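# Structural overview
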Amino acid sequence: MGWLIRAVGLYKSFVQMENSKSLDNLPPSKVWDLLHNMLRDTVEEQSEGEEGEERERLLPNTRQLSDHQIKQLNGCLLRVPDNFYPSVWQILSRCPGGIRFGHEVLTQLPTIRMHEPFELSFYHLVESFFAQYQDSCYRHLVIRVLTILAIVIKRNPEIQYRQEICIEGLIAESVSLFERNISAGEDRGIQGFHRLSCRTSDSYIGRAIVNTLLCGEIGHNQTDCKIQ
(Lines give C-alpha, C1' and ligand atoms only; values in the text may rest on other atoms or scores of the structure.)
Protein backbone atom coordinates (compact mmCIF):
# COMPACT_ATOMS: atom_id res chain seq x y z
CA MET A 1 0.00 0.00 0.00
CA GLY A 2 2.90 2.36 0.75
CA TRP A 3 4.19 2.09 -2.83
CA LEU A 4 0.71 2.77 -4.22
CA ILE A 5 0.35 5.92 -2.11
CA ARG A 6 3.80 7.04 -3.21
CA ALA A 7 2.82 6.47 -6.86
CA VAL A 8 -0.39 8.52 -6.58
CA GLY A 9 1.49 11.30 -4.80
CA LEU A 10 4.15 11.34 -7.52
CA TYR A 11 1.52 11.39 -10.25
CA LYS A 12 -0.22 14.32 -8.60
CA SER A 13 3.07 16.24 -8.45
CA PHE A 14 3.61 15.57 -12.17
CA VAL A 15 0.18 16.63 -13.47
CA GLN A 16 -1.06 19.08 -10.81
CA MET A 17 2.04 21.08 -9.97
CA GLU A 18 -0.06 24.14 -9.04
CA ASN A 19 -2.09 22.16 -6.49
CA SER A 20 -0.09 22.01 -3.26
CA LYS A 21 -2.69 20.04 -1.27
CA SER A 22 -1.47 16.71 0.06
CA LEU A 23 -3.34 13.49 -0.70
CA ASP A 24 -4.60 13.45 2.90
CA ASN A 25 -6.49 16.68 2.27
CA LEU A 26 -8.18 15.59 -0.95
CA PRO A 27 -11.73 14.15 -1.08
CA PRO A 28 -11.97 10.44 -1.94
CA SER A 29 -13.42 11.23 -5.37
CA LYS A 30 -10.33 13.28 -6.29
CA VAL A 31 -7.98 10.55 -5.07
CA TRP A 32 -9.95 8.02 -7.13
CA ASP A 33 -9.65 10.23 -10.22
CA LEU A 34 -5.90 10.52 -9.71
CA LEU A 35 -5.55 6.75 -9.35
CA HIS A 36 -7.66 6.07 -12.44
CA ASN A 37 -5.79 8.61 -14.57
CA MET A 38 -2.41 7.39 -13.34
CA LEU A 39 -3.16 3.78 -14.32
CA ARG A 40 -4.35 4.97 -17.73
CA ASP A 41 -1.39 7.26 -18.41
CA THR A 42 1.30 4.80 -17.35
CA VAL A 43 0.33 1.91 -19.62
CA GLU A 44 3.44 1.29 -21.68
CA GLU A 45 2.62 1.06 -25.36
CA GLN A 46 3.15 -2.51 -26.59
CA SER A 47 0.60 -2.69 -29.40
CA GLU A 48 1.82 -2.40 -32.97
CA GLY A 49 0.40 -2.09 -36.46
CA GLU A 50 -3.31 -1.46 -36.96
CA GLU A 51 -4.11 -2.19 -33.30
CA GLY A 52 -1.65 0.45 -32.11
CA GLU A 53 -2.91 2.99 -34.64
CA GLU A 54 -6.51 2.38 -33.57
CA ARG A 55 -5.60 2.93 -29.89
CA GLU A 56 -3.81 6.16 -30.80
CA ARG A 57 -6.88 7.34 -32.72
CA LEU A 58 -9.30 6.56 -29.90
CA LEU A 59 -7.08 8.00 -27.14
CA PRO A 60 -5.32 11.00 -28.65
CA ASN A 61 -2.98 13.04 -26.43
CA THR A 62 -4.02 11.27 -23.23
CA ARG A 63 -0.46 10.97 -21.97
CA GLN A 64 1.03 13.94 -20.14
CA LEU A 65 4.06 12.16 -18.76
CA SER A 66 7.67 11.78 -19.84
CA ASP A 67 9.35 8.37 -20.08
CA HIS A 68 11.27 9.17 -16.90
CA GLN A 69 8.06 9.91 -15.01
CA ILE A 70 6.41 6.75 -16.30
CA LYS A 71 9.42 4.72 -15.16
CA GLN A 72 9.10 6.19 -11.67
CA LEU A 73 5.39 5.42 -11.45
CA ASN A 74 5.58 1.92 -12.90
CA GLY A 75 8.48 1.17 -10.57
CA CYS A 76 6.30 2.14 -7.61
CA LEU A 77 3.47 -0.03 -8.94
CA LEU A 78 5.86 -2.88 -9.80
CA ARG A 79 4.04 -3.11 -13.10
CA VAL A 80 5.42 -5.91 -15.24
CA PRO A 81 4.79 -7.11 -18.82
CA ASP A 82 2.53 -10.04 -19.60
CA ASN A 83 4.13 -13.41 -18.76
CA PHE A 84 6.90 -11.69 -16.81
CA TYR A 85 7.03 -14.20 -13.95
CA PRO A 86 6.98 -17.32 -16.16
CA SER A 87 9.80 -15.72 -18.17
CA VAL A 88 11.85 -15.35 -14.96
CA TRP A 89 11.23 -19.07 -14.33
CA GLN A 90 12.53 -19.80 -17.85
CA ILE A 91 15.67 -17.77 -17.12
CA LEU A 92 16.24 -19.80 -13.96
CA SER A 93 15.77 -23.07 -15.82
CA ARG A 94 18.62 -22.14 -18.17
CA CYS A 95 20.97 -20.56 -15.59
CA PRO A 96 22.25 -23.10 -13.03
CA GLY A 97 24.00 -20.34 -11.09
CA GLY A 98 20.70 -18.59 -10.34
CA ILE A 99 19.89 -14.86 -10.40
CA ARG A 100 21.45 -12.39 -7.98
CA PHE A 101 19.36 -9.41 -6.87
CA GLY A 102 21.60 -7.15 -4.79
CA HIS A 103 22.75 -9.22 -1.81
CA GLU A 104 20.17 -11.96 -2.37
CA VAL A 105 20.20 -14.88 -4.80
CA LEU A 106 17.23 -16.62 -6.40
CA THR A 107 18.70 -20.10 -6.79
CA GLN A 108 17.80 -22.44 -9.63
CA LEU A 109 17.40 -25.38 -7.29
CA PRO A 110 15.23 -26.13 -5.48
CA THR A 111 13.18 -23.20 -6.86
CA ILE A 112 12.19 -24.66 -10.24
CA ARG A 113 11.40 -28.00 -8.58
CA MET A 114 9.21 -26.46 -5.90
CA HIS A 115 7.38 -23.94 -8.12
CA GLU A 116 5.68 -24.10 -11.49
CA PRO A 117 6.07 -21.10 -13.87
CA PHE A 118 2.47 -19.93 -13.44
CA GLU A 119 2.11 -20.50 -9.70
CA LEU A 120 1.13 -17.50 -7.63
CA SER A 121 3.63 -18.58 -4.98
CA PHE A 122 6.43 -18.17 -7.53
CA TYR A 123 5.16 -14.68 -8.40
CA HIS A 124 5.31 -13.73 -4.73
CA LEU A 125 8.79 -15.22 -4.40
CA VAL A 126 10.14 -13.09 -7.26
CA GLU A 127 8.42 -9.97 -5.93
CA SER A 128 10.05 -10.49 -2.52
CA PHE A 129 13.45 -9.79 -4.09
CA PHE A 130 12.28 -6.30 -5.07
CA ALA A 131 11.73 -5.30 -1.42
CA GLN A 132 15.40 -4.29 -1.10
CA TYR A 133 15.09 -1.66 -3.85
CA GLN A 134 13.82 1.68 -2.57
CA ASP A 135 14.26 3.71 -5.76
CA SER A 136 11.24 3.36 -8.04
CA CYS A 137 13.21 3.94 -11.26
CA TYR A 138 15.67 1.25 -10.24
CA ARG A 139 12.81 -1.20 -9.63
CA HIS A 140 11.58 -0.50 -13.15
CA LEU A 141 15.11 -0.98 -14.48
CA VAL A 142 15.39 -4.41 -12.85
CA ILE A 143 12.12 -5.41 -14.53
CA ARG A 144 13.44 -4.27 -17.92
CA VAL A 145 16.71 -6.20 -17.46
CA LEU A 146 14.83 -9.42 -16.65
CA THR A 147 12.38 -8.89 -19.51
CA ILE A 148 15.10 -8.37 -22.12
CA LEU A 149 17.23 -11.20 -20.70
CA ALA A 150 14.26 -13.55 -21.08
CA ILE A 151 13.80 -12.49 -24.71
CA VAL A 152 17.47 -13.12 -25.53
CA ILE A 153 17.42 -16.56 -23.90
CA LYS A 154 14.13 -17.50 -25.57
CA ARG A 155 15.48 -16.58 -29.01
CA ASN A 156 18.64 -18.60 -28.42
CA PRO A 157 17.49 -21.96 -27.01
CA GLU A 158 21.02 -23.39 -27.21
CA ILE A 159 22.21 -21.06 -24.44
CA GLN A 160 22.75 -22.28 -20.92
CA TYR A 161 24.57 -19.66 -18.88
CA ARG A 162 26.44 -21.60 -16.21
CA GLN A 163 27.45 -18.70 -14.00
CA GLU A 164 25.33 -16.61 -11.66
CA ILE A 165 23.33 -13.91 -13.43
CA CYS A 166 23.94 -10.67 -11.53
CA ILE A 167 21.27 -8.02 -12.14
CA GLU A 168 23.46 -5.25 -10.70
CA GLY A 169 26.30 -6.36 -12.95
CA LEU A 170 24.10 -6.12 -16.05
CA ILE A 171 22.89 -2.68 -14.99
CA ALA A 172 26.47 -1.49 -14.36
CA GLU A 173 27.50 -2.74 -17.81
CA SER A 174 24.49 -0.99 -19.40
CA VAL A 175 25.39 2.30 -17.72
CA SER A 176 29.03 1.90 -18.77
CA LEU A 177 27.99 1.43 -22.42
CA PHE A 178 25.76 4.50 -22.14
CA GLU A 179 28.53 6.67 -20.69
CA ARG A 180 30.85 5.85 -23.60
CA ASN A 181 28.40 7.50 -25.99
CA ILE A 182 27.48 10.73 -24.22
CA SER A 183 29.01 14.17 -24.54
CA ALA A 184 30.56 16.28 -21.81
CA GLY A 185 27.98 18.06 -19.70
CA GLU A 186 25.25 15.46 -20.12
CA ASP A 187 23.86 13.58 -17.13
CA ARG A 188 26.02 10.57 -16.36
CA GLY A 189 25.70 7.53 -14.17
CA ILE A 190 22.51 5.78 -13.18
CA GLN A 191 20.52 9.04 -13.00
CA GLY A 192 21.41 9.90 -16.57
CA PHE A 193 20.52 6.36 -17.62
CA HIS A 194 17.10 6.64 -15.97
CA ARG A 195 16.35 9.72 -18.07
CA LEU A 196 16.89 7.96 -21.38
CA SER A 197 13.91 7.00 -23.51
CA CYS A 198 12.73 3.43 -22.93
CA ARG A 199 13.85 2.37 -26.40
CA THR A 200 17.36 3.78 -25.91
CA SER A 201 17.88 2.31 -22.44
CA ASP A 202 16.58 -1.07 -23.68
CA SER A 203 19.20 -1.07 -26.46
CA TYR A 204 22.01 -0.59 -23.91
CA ILE A 205 20.57 -3.30 -21.69
CA GLY A 206 20.39 -5.70 -24.63
CA ARG A 207 24.02 -5.05 -25.54
CA ALA A 208 25.11 -5.56 -21.93
CA ILE A 209 23.26 -8.88 -21.77
CA VAL A 210 24.81 -10.14 -25.00
CA ASN A 211 28.29 -9.08 -23.82
CA THR A 212 27.77 -10.95 -20.56
CA LEU A 213 26.52 -14.11 -22.25
CA LEU A 214 29.41 -14.09 -24.72
CA CYS A 215 32.02 -13.60 -21.99
CA GLY A 216 30.58 -16.24 -19.68
CA GLU A 217 30.59 -19.99 -19.86
CA ILE A 218 27.86 -20.82 -22.36
CA GLY A 219 26.66 -24.36 -22.74
CA HIS A 220 25.08 -25.20 -26.06
CA ASN A 221 23.92 -28.21 -28.02
CA GLN A 222 25.35 -27.04 -31.35
CA THR A 223 28.79 -25.81 -32.36
CA ASP A 224 27.44 -22.74 -34.15
CA CYS A 225 25.98 -20.88 -31.18
CA LYS A 226 24.76 -17.44 -32.18
CA ILE A 227 23.36 -14.64 -30.03
CA GLN A 228 20.37 -13.02 -31.71
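It should be noted that the structure appears before, not after, this text.
Presented here is a report on the structure given in the accompanying data block. None of the values given here were measured: they were computed from a predicted structure. (Residues numbered from 1 in each chain as written. Predicted model: local features only at pLDDT ≥ 70, side-chain atom pairs only at ≥ 80, totals over all residues. Heavy atoms only, no water.)

Of regular secondary structure, the protein possesses 11 helices and five strands. In the protein, of all internal contacts separated by at least 6 residues, the share reaching a separation of at least 24 is 70%. On the protein, roughly 12900 Å² of surface is accessible, and the fraction owed to carbon and sulfur atoms is 50%. (Helix = DSSP H or I, 4+ residues; strand = E, 2+ residues; numbered from the N terminus. Contact = heavy atoms within 4.5 Å. Areas by Shrake-Rupley, 256 points an atom, 1.4 Å probe, with all protein chains shown as cover.)

Taken together, the three strands give an open sheet; going across it, the order is 2-1-4, and neighbouring strands pair in mixed fashion. Each end of this open sheet is capped by a strand with a single partner; those strands are strand 2 (104-106) and strand 4 (165-166). When strand 1 (residues 99-101) meets strand 2, the two strands line up antiparallel, connected through three bridges. Bridge pairing in strand 2 places Phe-101 opposite Glu-104. (Pairing = 2+ DSSP bridges.)

Looking now at the packing of aromatic side chains. Aromatic ring pairs are described here by two measures, namely the spacing of the ring centres and the angle between the planes. Inspection of the entire model under this criterion finds nine aromatic pairs. Aromatic pair Phe-178 and Phe-193: ring centres 5.8 Å apart, planes at 70°, arrangement edge-to-face. Of the two residues, Phe-178 is situated in helix 9 (residues 167-179) and Phe-193 in helix 10 (residues 189-194); the sequence distance between them amounts to 15 residues. We classify Phe-178 as buried; its relative accessible area is 4%. (Phe/Tyr/Trp six-rings, centres within 6.5 Å; stacked < 30°, edge-to-face > 60°. Buried < 20%, exposed > 50% of the residue type's maximum accessible area, 1.4 Å probe, protein only.)

Quick look at the side chain of Asp-41 now. Its place among the elements puts Asp-41 in helix 2 (residues 28-41). Separated by 2.7 Å, the side chains of Asp-41 and Arg-40 make a polar contact. (Polar contact = N/O pair within 3.5 Å; in protein donor to acceptor, adjacent residues only side chain to side chain.)

What follows covers unusual backbone geometry. The peptide bond linking Leu-109 to Pro-110 adopts the cis configuration, its omega dihedral lying at 10°. For Pro-110, the position within the fold is in the loop between strand 2 and helix 6 (111-114). The phi dihedral of Leu-78 falls on the positive side, at around 50°, and the residue is not glycine. Relative to the helices and strands, Leu-78 is located in the loop between helix 4 (67-77) and helix 5 (84-94). When its relative accessible area of 15% is taken as the criterion, Leu-78 is described as buried. The phi angle at Asn-83 is positive, at roughly 60°, despite the residue not being glycine. By secondary structure assignment, the location of Asn-83 is in the loop between helix 4 and helix 5.

Tallying each qualifying case throughout the model produces three salt bridges. Of the charged contacts in the structure, one is a salt bridge between Arg-100 and Glu-164, with a shortest N-O distance of 2.8 Å. Within this pair, whereas Arg-100 is found in strand 1, its partner Glu-164 is found in the loop between strand 3 (160-161) and strand 4, the two being separated by 64 residues in sequence. Arg-100 gets classed as partly exposed once you look at its relative accessible area, which sits at 24%. (Salt bridge = Lys/Arg side-chain N within 4 Å of Asp/Glu carboxyl O.)

Within the largest apolar cluster, 46 residues are counted, with the highest numbers of intra-cluster contacts made by Ile-99, Phe-101, Val-142, Leu-146 and Ile-167. No other element matches helix 8 (residues 136-155), which puts 11 residues into this core. Those residues in contact with Ile-167 that lie beyond four places of it in its chain are Ile-99, Arg-100, Phe-101, Val-142, Val-145 and Leu-146. Counting residues in each nonpolar core, the second largest holds 11 residues, with Val-8, Tyr-11, Leu-34 and Cys-76 among its members. (Core = buried A, V, L, I, M, F, W, Y, C linked by side-chain atoms within 4.5 Å.)

In this section: a nonpolar patch on the surface. Side chains of Met-1, Leu-4 and Ile-5 sit close together on the surface and give an oily, nonpolar patch of about 320 Å² of accessible area. Mapping Leu-4 onto the fold places it in helix 1 (residues 2-15). (Patch = residues over 30% accessible without salt bridge, like charges linked within 9 Å, V, L, I, M, F, W, Y side chains within 5 Å.)

At a minimum axis distance of 10 Å, the contact between helix 8 and helix 9 shows a crossing angle of 95°. Taken together, the axis directions place helix 8 and helix 9 in an arrangement best described as roughly perpendicular. Between helix 8, through Tyr-138, Leu-141, Val-142, Val-145 and Leu-146, and helix 9, the contact on the second element is made entirely by Ile-167, Glu-168, Leu-170 and Ile-171. Of the residues contributing to the contact of helix 8 with helix 9, the split by class is eight nonpolar, no polar and one charged. (Axes fitted to C-alpha atoms, helices over the stretch in contact; angles between N-to-C directions. Parallel < 35°, antiparallel > 145°, perpendicular 65-115°, else oblique. Nonpolar A, V, L, I, M, F, W, Y, C, P; charged D, E, K, R; others polar.)

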